[in-house]
Amino acid sequence: FPQSNSEMPSSDVEVINLLDEKFKKDLNRICTFCNCSTCSKHSKAYIHHLLKVNEITGNILLMVHNVHHYLKFFIEIRSSIENGEFKKYFDW
């Protein structure tokens, strides 16, 4: 994917642990450049709370976010194959 203001390339991924106490009051979205329904509507603090109280909604919101990124990744791979640019994934 070309980088734009609304989407971050799927290869630019940061792993975070939302159970960490540093997210307790973090009102930012999980990923600044993500437009999935989880990032659009919920903060790290809210998801942190859901995970801490073992509310299944927290895991569902994280699943929605992660599936969104996987789908973007596979779309990117298909496009690179069609354009003859798949080799770039071997250069990670």
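What counts and what doesn't
- The written sequence of each chain sets the order in which its residues are numbered from 1.
- Whole-chain, interface and lining totals are the exception, using all residues; otherwise, since this is a predicted model, local features are given only for residues with pLDDT of at least 70 and side-chain atom pairs are given and counted only at 80 or more.
- Side-chain descriptors were evaluated using all non-hydrogen atoms of the structure, hydrogens and water having been removed beforehand.
- To qualify as a helix, a DSSP run of H or I must reach at least 4 residues; to qualify as a strand, a run of E must reach at least 2; elements of each kind are numbered from the N terminus.
- Working definition: with a 1.4 Å probe on protein chains only, accessible area under 20% of the residue-type maximum means buried, over 50% means exposed, and in between means partly exposed.
- By this rule the span expected of a helix is its residue count minus one, scaled by 1.5 Å.
- By the convention used here, residues are in contact when the closest approach between their heavy atoms is within 4.5 Å.
- Salt-bridge detection follows one rule: a side-chain nitrogen of Lys or Arg within 4 Å of a carboxyl oxygen of Asp or Glu.
- We define the nonpolar core as a collection of buried residues of types Ala, Val, Leu, Ile, Met, Phe, Trp, Tyr and Cys that are connected through side-chain atoms lying within 4.5 Å of one another.

## Brief notes about the environment of Tyr46
Moving on, step 1. For Tyr46, the position within the fold is in helix 2 (residues 44-52).
Moving on, step 2. According to the relative accessible area criterion, Tyr46 is partly exposed, its value standing at 37%.
Moving on, step 3. Put simply, Tyr46 and Lys25 are 21 residues apart on the chain and 8.4 Å apart in space, counted from C-alpha to C-alpha.

## With respect to helix 3 (residues 56-82)
Moving on, step 1. Compared with an ideal rise of 1.5 Å per residue, which puts 27 residues at 39 Å, helix 3 spans 39 Å between its outermost C-alpha atoms and is within 8% of the ideal.
Moving on, step 2. All of the buried residues along helix 3 are Gly58, Leu61, His65, His69, Lys72, Phe73, Glu76, Ile77 and Ser80.
Moving on, step 3. Residues of helix 3 that are buried in the fold lie against helix 1 (37-41) and helix 2.

## Observations concerning the pattern of salt bridges
Pairs can form between side chains of opposite charge once their charged atoms are near each other.
Moving on, step 1. Counted according to the given criterion, the structure contains two salt bridges.
Moving on, step 2. Note that Lys52 is salt-bridged to Glu21, the shortest N-O span being 3.0 Å. Linking Lys52 in helix 2 with Glu21 in the segment before helix 1, this pair joins segments that are 31 residues apart in sequence.
Moving on, step 3. On the basis of relative accessibility, which here comes to 43%, the residue Lys52 falls in the partly exposed class.

## Topic: the nonpolar core
One broad trend across soluble globular proteins is that nonpolar side chains are buried collectively.
Moving on, step 1. Membership of the largest hydrophobic core is limited to 11 residues, which are Leu18, Phe23, Ile30, Cys31, Cys34, Cys36, Cys39, Ile47, Leu50, Leu51 and Leu61.
Moving on, step 2. The leading source of residues in this core is helix 2, at three residues.
Moving on, step 3. Filtering out sequence-adjacent residues up to four positions away, Leu18 remains in contact with Phe23, Ile30, Lys44, Ile47, His48, Leu51 and Leu62.

Any link to function would need more than the numbers given here.
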